[in-house]
Amino acid sequence: MPRTIELGEDTLTIRLSGLTSIAAFKRKIVIPYKFIARVETVAPNLQSLIRLGGTSIGDIQEGHFWHGEDWYFLSYEHPDKVISLTLNDYYIGDRLYKVIVVGVENPQEMKTMIEARLEDTNNKN
């Protein structure tokens, strides 16, 4: 599997492996749950995004994309099998990222699991 999502107690970790990590220019992204504003199962409109590091061939999207003042990170082959995380104040390096979209086998199940973690985190605070 070129991508895995690990749901920890306080963070969500996305791991990319093999050619996927090379195409995306990234191996791992760690996101504390407090930065996740919304979880969806829809890929972004690619016509509005400009690729600035990565690969974009047909439905295969890997890497860093830009839209207006917002940065996106995409890693998927099938736009109908994704989890989309809308973020608040989350930086990768010195770039403020608004959306991270990752391919998963069962998007609805992953969405439910992430939302449960978000609810648990919110109840702790």
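Preceding block: the structure.
These figures come from a predicted structure and were not determined experimentally. For every chain, the first residue of its written sequence is number 1, and the numbers climb from 1 along that sequence. Local features in a predicted model are, by the rule used here, given only for residues with pLDDT of at least 70; side-chain atom pairs are given and counted only at 80 or more, and totals for whole chains, interfaces and linings are based on all residues. Excluded from the side-chain calculation are hydrogens and water; included are all heavy atoms of the structure.

Chemist: Is there a simple way to think about the sheet that holds strand β9 (residues 95-103) in this case?
Modeler: Each strand in a sheet pairs with its neighbour through backbone hydrogen bonds, running either in the same direction (parallel) or in the opposite one (antiparallel). By this definition, two strands are paired if DSSP reports at least two bridges between them. Secondary structure is summarised from DSSP: a helix means a run of H or I of at least four residues, a strand means a run of E of at least two, and numbering begins at the N terminus for each. Here six strands make up an open sheet; going across it, the order is β4-β8-β9-β7-β6-β5 and the pairing mixed. Looking at which strands have only one partner, the edges of the open sheet turn out to be β4 (36-40) and β5 (50-57). Direction aside, neighbouring strands of the sheet carry axes that sit 15° apart on average. The pairing of strand β6 (residues 60-67) with strand β7 (residues 70-76) spans seven bridges and is antiparallel. Within β7, the residue paired with Gln61 across the bridge is Tyr76. Helix axes are fitted only over the stretch in contact, all axes being lines through C-alpha atoms; the angle between N-to-C directions runs from 0 to 180 degrees.

Chemist: Sorry, what's going on with the nonpolar core here?
Modeler: One broad rule of soluble globular proteins: the nonpolar side chains tend to lie buried together. In this description, a nonpolar core means a group of buried Ala, Val, Leu, Ile, Met, Phe, Trp, Tyr and Cys residues linked to one another through side-chain atoms lying within 4.5 Å. Categorising residues by exposure relies on relative accessible area from a 1.4 Å probe, with only protein chains included: less than 20% of the type maximum marks a residue as buried, more than 50% marks it as exposed, and the intermediate range marks it as partly exposed. Membership of the largest hydrophobic core comes to 23 residues, with the highest contact counts inside it found for Leu12, Ile14, Ile31, Ile36 and Ile100. Every element with two or more residues in this core is listed here: β2 (11-16), β3 (28-32), β4, β7, β8 (82-92), β9 and α2 (107-124). Among the elements that take part in this core, β8 stands out by supplying five residues, more than any other. Formed by nine residues, the second largest nonpolar core is a distinct cluster that contains Ala43, Leu49, Tyr76 and Val99.

Chemist: Looking at this structure, how should I read the pattern of salt bridges?
Modeler: Close approach of charged atoms allows side chains with opposite charge to pair. Whenever Lys or Arg places a side-chain nitrogen within 4 Å of a carboxyl oxygen from Asp or Glu, that contact is recorded as a salt bridge. Throughout the structure, instances matching the rule amount to six salt bridges. Between Lys111 and Glu115 there is a salt bridge, with its nearest N and O atoms 3.7 Å apart. One end of the pair is Lys111 and the other is Glu115, both in helix α2 and four residues apart, which spans about a single turn. In this structure Glu115 comes out as partly exposed when scored by relative accessible area, which is 35%. When salt bridges with common partners are traced through the structure, they connect Arg3, Glu62 and Glu77 into a single cluster.

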